Amino acid sequence: MQKYKCTVCDWVYDPTVGDPEHGIAAGTPFEELPDDWTCPLCFVGKEDFEPCEE
């Protein structure tokens, strides 16, 4: 699954890990994150993420 990096703080969303602290289960693709989901470090929205190869 594709990872996505925050263009503001460089935090990487890894779908194999999810974001369990915010109710996002492991295995959740970035595209299926809720529209109101935000970066857990800097709180910007999904529009500030881009695909990455990390």
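What counts, and at which threshold
- Residues numbered from 1 in each chain as written.
- Predicted model: local features only at pLDDT ≥ 70, side-chain atom pairs only at ≥ 80, totals over all residues.
- Heavy atoms only, no water.
- Core = buried A, V, L, I, M, F, W, Y, C linked by side-chain atoms within 4.5 Å.
- Buried < 20%, exposed > 50% of the residue type's maximum accessible area, 1.4 Å probe, protein only.
- Contact = heavy atoms within 4.5 Å.
- Pairing = 2+ DSSP bridges.
- Helix = DSSP H or I, 4+ residues; strand = E, 2+ residues; numbered from the N terminus.
- Polar contact = N/O pair within 3.5 Å; in protein donor to acceptor, adjacent residues only side chain to side chain.

## As for the nonpolar core
Right, so step 1: Formed by Tyr4, Cys6, Trp11, Tyr13, Ile24, Phe30, Leu33, Trp37, Cys39, Val44 and Phe49, the largest nonpolar core amounts to eleven residues.
Right, so step 2: Beyond its immediate chain neighbours, meaning those up to four positions away, Tyr4 contacts Trp11, Val12, Tyr13, Phe30, Glu31, Phe49, Glu50, Pro51 and Cys52.

## Section: the sheet that holds strand E1 (residues 3-6)
Right, so step 1: In space, the three strands of this open sheet follow the order E2-E1-E3, with antiparallel pairing throughout. Looking at strand neighbours, the two that pair on one side only are strand E2 (12-13) and strand E3 (49-52), the edges of this open sheet.
Right, so step 2: Relative to E2, E1 runs antiparallel, the two sharing two bridges. In the sheet register, Tyr4 faces E2, and the bridge partner there is Tyr13.

## Observations regarding the side chain of Thr28
Right, so step 1: Within the fold, Thr28 resides in the loop between E2 and E3.
Right, so step 2: For Thr28, a relative accessible area of 16% puts it in the buried group.
Right, so step 3: For Thr28, the side chain forms a polar contact with the main-chain oxygen of Ala25, separated by 2.7 Å.
Right, so step 4: Those residues in contact with Thr28 that lie beyond four places of it in its chain are Tyr13, Pro15 and Leu33.

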